[in-house]
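Here is how the chains run, residue by residue.
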Amino acid sequence: MGILYTLLLVSAIYSAEGAYCKDGYSSHGEYCYALLPLKASWAEAQQYCKTLGGSLAVIEDADESNFVEGMLKREHSTISTSQIWIGGTDLLQEGLWIAPETLEPLTFFNWAPKEPDNLGGQHCLAVFNNADLKWDDNRCEVQNYALCKSEGVTNENIVG
Ligand SMILES: [Ca+2]
Ligand SMILES: [Ca+2]
């Protein structure tokens, strides 16, 4: 157990941008991001992200959206076969997009042209895997990759 714990600590990497993230995560501001290397429904993906200590990534502004775009472009070979689930659903009330966990209304959107179209009942938020990486509402049971986001460990957390 001791060795494992030490390995976990050692694998925490420091990024000049701010947060310490676990190995395999990318750091942006106070947060860490990772692409789930498996396909799942939106709800399953949210559960996986939660198990990993976070949530499906709620993208809050253009700056964060640009960061995620860059990250997904680097993962292009992985994501070429599916969309990527992110944090947002209008399952409770059509057209009202809220974040998983907090249930706060989303304030930033990066919809693809003609989206969201709610075609046949689409209530979960995904990023298209084409070059533009704009957003789509899709059926929640579709098996997609997913982007998880969790709070990183900052210097203050470590000192405190
Ligand atoms: Ca909908
Ligand atoms: Ca759609």
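Just above, that's the structure.
First, a word on what this report is: a plain description of the structure on this page. All values reported here derive from a predicted model rather than from experimental measurement.

Some points on the coordination of the calcium ion (ligand 1)
- Within the first shell, the calcium ion (ligand 1) binds the protein through Asp 90 (OD), Asp 90 (OD), Glu 94 (OE), Glu 94 (OE), Asn 118 (OD1), Gln 122 (O) and His 123 (ND1), at distances of 2.3 to 2.8 Å.
- Between consecutive donors of the calcium ion (ligand 1), the numbers of intervening residues give the motif D-x3-E-x23-N-x3-Q-H.
- You can call Asn 118 partly exposed: its relative accessible area is 25%.

A short note on unusual backbone geometry
- Cis geometry marks the peptide bond from Glu 115 to Pro 116, where omega comes out at 0°.
- Inspection of the secondary structure assignment puts Pro 116 in the loop between strand S6 (84-89) and strand S7 (124-127).
- You will see that Glu 101, though not glycine, has its phi angle at about 70°, which is positive.
- As for its position among the elements, Glu 101 is in the loop between S6 and S7.
- If you check the backbone angles, Asn 118 has positive phi at about 55° while not being a glycine.
- Its location among the elements puts Asn 118 in the loop between S6 and S7.

Let's talk about the coordination of the calcium ion (ligand 2)
- In the first shell of the calcium ion (ligand 2), the protein supplies Glu 115 (OE), Asp 117 (OD), Gln 122 (OE1), Asp 136 (OD), Asp 137 (O) and Asp 137 (OD), at 2.2 to 2.5 Å from the metal.
- In this structure, the calcium ion (ligand 2) is surrounded by six donor atoms whose angles at the metal cover 69 to 149°, and the resulting shape is irregular.
- All donor residues of the calcium ion (ligand 2) come from one chain, and their arrangement in sequence is E-x1-D-x4-Q-x13-D-D. One end of the pair, Gln 122, is in the loop between S6 and S7; the other, Asp 136, is in strand S8 (residues 135-138), and 14 residues separate them in sequence.
- What makes Asp 136 buried here is its relative accessible area of 5%.

Calculation criteria
Residues numbered from 1 in each chain as written. Chains lettered and ligands numbered in written order. Predicted model: local features only at pLDDT ≥ 70, side-chain atom pairs only at ≥ 80, totals over all residues. Heavy atoms only, no water. Donors = N, O, S within 2.8 Å, 3.2 Å for Na, K, Ca; no water. Buried < 20%, exposed > 50% of the residue type's maximum accessible area, 1.4 Å probe, protein only. Helix = DSSP H or I, 4+ residues; strand = E, 2+ residues; numbered from the N terminus. Tetrahedral: all angles 85-135°; square planar, octahedral: opposite > 155°, others 65-115°.

Spatial relationships are all this shows, so hold off on functional conclusions.
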